[in-house]
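# Descriptive analysis of the structure
Residue strings, one per chain:
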Amino acid sequence: MTTIADFTSQYGLVKKIDAFGYLKYLADNPDAPRKHGKVILVTADTPLKASRGEGKTTTTIALIDALNKRGIDAAAVLRQPSMGITAAGSKGGASGGGKASLTHPELIDWGLCGEMGAIEAAQNLLVSFAEKAVDEGKLDDILVPRVSEVPSRSLRSIAVDYGKGNVAEKVVLTPTCELMQIVVLSRSMDEIAERVSKMIAGTKDGKAVTFGEFVDLWRITGILADAVKPALTETVNGSPVYVHGGPFANVSIGIPTLVSVEMACALHDVVIVEAGYGTDAGAQKWLDIACREYGAQWPSAAVVVTRASTWRDDPDLAWRYPFHVQRLEGLDIPTFPLINLWEGEDDQIPSLKETAAELEFRTPIIGNLFRDGGEALAPQLDAFVDVLENGSMPAEPHSHKGMALTENAKWVAEHAYGVPAERVLYKPGFADSVAEAMALCQSAGISLDDLAFVAVKSPATMTDNDRAPEDERTVTLKKVEVHAGAGLVHVNLTTSLTTPMPKIV
């Protein structure tokens, strides 16, 4: 009998799984044994310091260890960190810590099995084809950026062929590039090839030219043979963890690949999905892009992680955590507050529970997960397990395809950031940017309003000024960028930085 083992191969210290092949096997064999796992979304408070985070990965690892200890077949799907940012020491390595760690964190921190490098090479090859197309008169400009996993300010804006046309280029980090988004959202190699063919290479006489018009796409898909296969590793306690996809939910989509989650759901009863940064970033994109527009499973429950200090120590920003919890509850997602304690904070537990009760939260889950791992959580999960065992599978949410871009932006501002439509502002030049994007899409034969909305924003703020009184908070829309192959449109808002630069610590 065919099993997942037939699609699995050893790859150094981890295993690689042909998720595309396995899911195709299940589709072709509806009677084959499979599970129908429920998705649990782990997200977080908006961090006070964007480079630090609140401990989502540590929580995710501790949570699956705790569930497995209670006899529930649980696995996690994590995103792979950006090697450039991780290596610079400006954030954790997305591999947990202490007793809530993966067995080989160094592999996660340093590029895993080369997925980032393969995607970087593939998109840079596309740019090289575009440069050649400029020389051959097929393109007047290049709209797809080069990719680097090494951050450099000097690479933010460059020009090539000085004296021959001065074609402008830009460089972005690998997780933010369109090809990474295509890998995250695609469910087969054929879909990847089709989406790459729809990527807009540049323009000729003001009209969009896609890569499918002048590139043999097998050259790209060949580079991606192992990059599209999720890696299987495990926690120090033996719980399975799949790693696939990219970070940066502030300036990209920042979610695991859809195939890795769907594969995990066919293999396990509960699948913990970790989305990047806070509820206003990765969780918003899992719900409004992955679920609404790409058919991913709506969460059966959510966990919103926060630090005791983030939640309570800054009165001007104290509104953000309750907003996140209440927003998810308002979407009929049972939402559990989880407070990740650091050393010396155990004496705060009674007051934290009291504050949670005043806010009418569900009973919070509290523990020092670095120190105690899943053992800190297992005794606190009765209500959580009850939701998993007795809750029904959620319904499929409605799509926003066809909604005007500006209306979609206002919808996200109101629902994800708490800013009503009348306080969504337009920066001078935004209307021109929308008009240019609309014309580009029309010349490529697509509708701008059919693309999924990606908010490009600071990870540390939800509005233009989170410290402003509630009735004065605004969201400013700045510019638009089309990623036609991925089926996305990026809209810069609030404080945004499209090529994040690390702070060495």
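Since the structure is predicted, the reported quantities are computational estimates derived from the model, not experimental observations.

### Looking at the pairing of strand E14 (residues 240-243)
Side-chain alternation along E14 places Pro-240 and Tyr-242 on one buried face and Val-241 and Val-243 on a second face that is also buried. Two elements, strand E4 (residues 74-78) and E14, share three bridges in a ladder whose sense is parallel. Within E14, the position partnered with Val-77 by the bridge is Tyr-242. Where strand E13 (residues 231-234) lies against E14, four bridges are found, and the strand directions are antiparallel. Within the sheet, the bridge partner assigned to Glu-234 lies in E14 and is Pro-240. Connecting the antiparallel pair E13 and E14 is a turn made up of five residues, with Gly-238 showing a positive phi of about 95 degrees.

### Some details on the packing of aromatic side chains
Evaluation of the coordinates by the stated rule reveals nine aromatic pairs. Arranged with centres 5.2 Å apart and planes meeting at 75 degrees, the rings of Phe-336 and Phe-384 form a pair that is edge-to-face. Pair noted here: Phe-336 is in strand E17 (residues 335-340) and Phe-384 is in helix H15 (residues 382-390), with a separation of 48 residues, a long-range link. On the accessibility criterion, Phe-336 (3% relative accessible area) is buried. Among the aromatic residues, those joined into a cluster by ring pairs are Phe-7, Tyr-22 and Tyr-25.

### Re the sheet that holds strand E21 (residues 475-483)
Taking strand neighbours across the sheet as the criterion, the four strands line up as E19-E21-E22-E20 in an open arrangement whose pairing is mixed. Each end of this open sheet is capped by a strand with a single partner; those strands are strand E19 (424-426) and strand E20 (452-456). For this sheet, the mean angle separating the axes of adjacent strands, direction not counted, is 40 degrees. Across five bridges, E20 lies against strand E22 (residues 488-493) in parallel orientation.

### Examining the domain arrangement of the protein
Here the protein is partitioned into domain 1 (4-113 + 229-390), domain 2 (115-226) and domain 3 (405-493). When each unit is reduced to the centre of its C-alpha atoms, the spacing between domain 2 and domain 3 is 24 Å. On the side of domain 3, twelve residues touch domain 2, which itself brings 14 residues to the contact. Between domain 2 and domain 3, the buried area comes to about 980 Å², and carbon and sulfur atoms account for 59% of it. Looking only at domain 2, the three residues that lose the most surface to domain 3 are Glu-178, Gln-181 and Ile-200, adding up to 41% of its buried area. Linking domain 2 to domain 3 there are one salt bridge. Ionic pairing is found between Lys-170 and Glu-481, a salt bridge with its closest N-O pair at 2.6 Å. Where domain 2 touches domain 3, the interface holds eight residue pairs in polar contact (both at pLDDT 80 or more). Looking at the side of domain 2 that touches domain 3, the elements that each hand over two or more residues are helix H6 (178-185), helix H7 (189-198), strand E11 (200-204) and strand E12 (207-210). Its residues assigned to classes, the side of domain 2 that touches domain 3 comprises six nonpolar, three polar and five charged.

### Some details on the pattern of salt bridges
Considering all chains together, one arrives at 25 salt bridges under this definition. Across the salt bridge formed by Lys-35 and Asp-269, the nearest N and O atoms sit 3.5 Å from each other. With Lys-35 in the loop between helix H1 (19-28) and strand E3 (38-44) and Asp-269 in the loop between helix H9 (258-267) and strand E15 (270-274), this pair connects stretches of sequence that are 234 residues apart. For Glu-136, the salt bridge is made with Lys-138, and the minimal N-O distance between the two is 3.3 Å. Residues participating in the shared-partner salt-bridge network are Glu-343, Asp-346, Arg-371 and Asp-372.

### A look at H6
For an α-helix, the turn length of 3.6 residues means that residues three or four places apart are oriented alike. With eight of eight residues buried, H6 lies mostly within the body of the structure. Inspection of H6 places Glu-178, Leu-179, Met-180, Gln-181, Ile-182, Val-183, Val-184 and Leu-185 among the buried residues, and these make up the whole buried set.

### Topic: the environment of Asn-408
Locating Asn-408 in the fold gives a position in helix H16 (residues 405-417). Linking Asn-408 and Ala-435, residues 27 residues apart in sequence, is a C-alpha distance of 16 Å. If sequence neighbours within four positions are ignored, Asn-408 has contacts with His-400, Met-403 and Phe-453.

### Brief notes about the sheet that holds E14
If you trace the ten strands from one edge of the open sheet to the other, you get E1-E2-E13-E14-E4-E15-E3-E16-E17-E18, paired in mixed fashion. Each edge of the open sheet is held by one strand with a lone partner, namely strand E1 (8-11) and strand E18 (365-367). Mean inter-strand twist for the sheet, computed between neighbouring axes without regard to direction, equals 25 degrees. Sheet topology places strand E16 (residues 301-306) next to E17; five bridges connect them, and they run parallel. Counted as the bridge partner of Thr-306 is Ile-339 from E17. Packing of H15 onto the sheet brings it into contact with E3, E15, E16 and E17, and relative to E3 it is tilted by some 140 degrees.

### Re the nonpolar core
Leu-179, Leu-224, Trp-286 and Leu-488 are the most contacted members of the largest nonpolar core, which totals 88 residues. Tallying contributions element by element places helix H5 (residues 115-135) first for this core, with nine residues. Core analysis: the second largest hydrophobic core is formed by 39 residues, Ile-40, Val-42, Ala-100 and Val-387 among them.

Conventions and cut-offs
Residues numbered from 1 in each chain as written. Predicted model: local features only at pLDDT ≥ 70, side-chain atom pairs only at ≥ 80, totals over all residues. Heavy atoms only, no water. Buried < 20%, exposed > 50% of the residue type's maximum accessible area, 1.4 Å probe, protein only. Helix = DSSP H or I, 4+ residues; strand = E, 2+ residues; numbered from the N terminus. Pairing = 2+ DSSP bridges. Phe/Tyr/Trp six-rings, centres within 6.5 Å; stacked < 30°, edge-to-face > 60°. Axes fitted to C-alpha atoms, helices over the stretch in contact; angles between N-to-C directions. Domains from an automatic or database assignment. Contact = heavy atoms within 4.5 Å. Buried area = accessible area lost by both parts, 1.4 Å probe. Salt bridge = Lys/Arg side-chain N within 4 Å of Asp/Glu carboxyl O. Polar contact = N/O pair within 3.5 Å; in protein donor to acceptor, adjacent residues only side chain to side chain. Nonpolar A, V, L, I, M, F, W, Y, C, P; charged D, E, K, R; others polar. Core = buried A, V, L, I, M, F, W, Y, C linked by side-chain atoms within 4.5 Å.

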